[in-house]
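Chain by chain, the residues run as shown.
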Amino acid sequence: MSSPALIHTLKTGHVGLNVTDLERSIAFYRAVLGVQVTHEGTDAERRYALMGRDGRLVVTLWQQSTGSFATASPGLHHLSFEVESLDEIRATERQLRELGAEFAYDGVVPHGEGSDSGGIFFTDPDGIRLEIYARTGVAATGAAAPTAAAPTCGFF
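Residues numbered from 1 in each chain as written. Predicted model: local features only at pLDDT ≥ 70, side-chain atom pairs only at ≥ 80, totals over all residues. Heavy atoms only, no water.

Colleague: I'm lost on the environment of G119 in this one. Help?
Modeller: Among the structural elements, G119 can be located in strand β7 (residues 118-123). As for G119 and T38, which are separated by 81 residues in sequence, their C-alpha atoms are 28 Å apart. (Helix = DSSP H or I, 4+ residues; strand = E, 2+ residues; numbered from the N terminus.)

Colleague: What am I meant to see in helix α1 (residues 22-33) here?
Modeller: End to end, α1 covers 16 Å across 12 residues, agreeing with the expected 16 Å (1.5 Å per residue, within 8%). Within the span of α1, buried status applies to L22, S25, I26, F28, Y29, V32 and L33. Down the axis of α1, the buried side of the element spans an arc of 165°, and every buried residue falls inside it. With a side-chain oxygen lying 3.2 Å from the backbone nitrogen of E23, the N-terminal cap of α1 falls on D21. Two residues or fewer after α1 comes G34, characterised by a positive phi angle close to 70°. (Expected span 1.5 Å × (residues − 1). Buried < 20%, exposed > 50% of the residue type's maximum accessible area, 1.4 Å probe, protein only. Arc of directions from axis to C-beta. Polar contact = N/O pair within 3.5 Å; in protein donor to acceptor, adjacent residues only side chain to side chain.)

Colleague: How should I be thinking about the layout of surface pockets in this particular structure?
Modeller: Of the pockets and cavities examined, the largest pocket occupies roughly 590 Å³. Lining the largest pocket are 21 residues, and of these R53, R56, V58, F81 and E82 sit closest to its centre. Within the residue set of the lining of the largest pocket, elements represented by two or more residues are α1, β4 (56-63), β5 (79-82), α2 (86-99) and β8 (129-134). At four residues, β5 tops the list of elements feeding residues into the lining of the largest pocket. (1 Å grid on protein atoms, 1.4 Å probe; cavity = no way out; pocket = protein on both sides within 12 Å on 5 of 7 lines; lining within 4 Å. Points joined across faces, edges and corners; volume = space filled by probe spheres on them.)

Colleague: I tried to follow a nonpolar patch on the surface on my own but got confused; where do I start?
Modeller: Side chains of L6, I7 and L10 sit close together on the surface and give an oily, nonpolar patch of about 410 Å² of accessible area. Tracing the sequence through the fold places I7 in the segment before β1 (15-19). (Patch = residues over 30% accessible without salt bridge, like charges linked within 9 Å, V, L, I, M, F, W, Y side chains within 5 Å. Areas by Shrake-Rupley, 256 points an atom, 1.4 Å probe, with all protein chains shown as cover. Salt bridge = Lys/Arg side-chain N within 4 Å of Asp/Glu carboxyl O.)

Colleague: Whenever I open this one, the nonpolar core confuses me. Can you help?
Modeller: When a protein is soluble and globular, its nonpolar side chains tend to lie buried together. The biggest cluster of nonpolar side chains holds 30 residues, and the ones touching the most others in it are Y29 and L61. For this core, the elements supplying multiple residues, two or more each, are β1, α1, β3 (48-53), β4, β5, α2, β7 and β8. Counting residues per element, this core draws most heavily on α1, which supplies six residues. Discounting chain neighbours no more than four positions away, the residues touching L61 are L17, V19, L22, S25, I26, Y29, R47, Y48, A49 and M51. Formed by five residues, the second largest nonpolar core is a distinct cluster that contains Y105, V109, F121 and F156. (Core = buried A, V, L, I, M, F, W, Y, C linked by side-chain atoms within 4.5 Å. Contact = heavy atoms within 4.5 Å.)

Colleague: Before we go on, may I ask you to explain the pattern of salt bridges in this structure?
Modeller: Any two side chains of opposite charge can pair, on the condition that their charged atoms come close. Counting across every chain of the model gives seven salt bridges. Among the ionic pairs, R47 bridges to E40, the shortest N-O distance being 3.9 Å. Of the residues examined, E40 reaches a relative accessible area of 30% and is grouped as partly exposed. Between R97 and D106 there is a salt bridge, with its nearest N and O atoms 3.4 Å apart. Among the charged side chains, a network of salt bridges with common partners joins E23, E40 and R47.

This is how it looks when you write it as structure tokens:
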């Protein structure tokens, strides 16, 4: 038996990420997502940046970690951002290639065989897995999904 929803309107808010080099991550997310620093904490012990666009907080970066993103540990699997069109995905892919980002797959790929949604899958400077996708328009690329039996993003 299911219980009635207590929350009637639900949207994802901002995402907070631990990073190893705040300046490097600010530059990366600014270039890739077009976000700007809206507030920054510069205390040597508590460095952070709140980044947003169009009056909305999108991502917060916290310089409080070492090493790289641990894909084998419980926690975040990947972070996904939706865009309106295949053209936006391709423009972002070009920008990422100029930045030297690492990609999980070559080019734009559908989420699954027969799906019209899909995108690009890459990592940020700390190895955090990211996705830029569109709900429609990807099937026109003619690309095959890397995994036919499950969502591409599940096998990042």
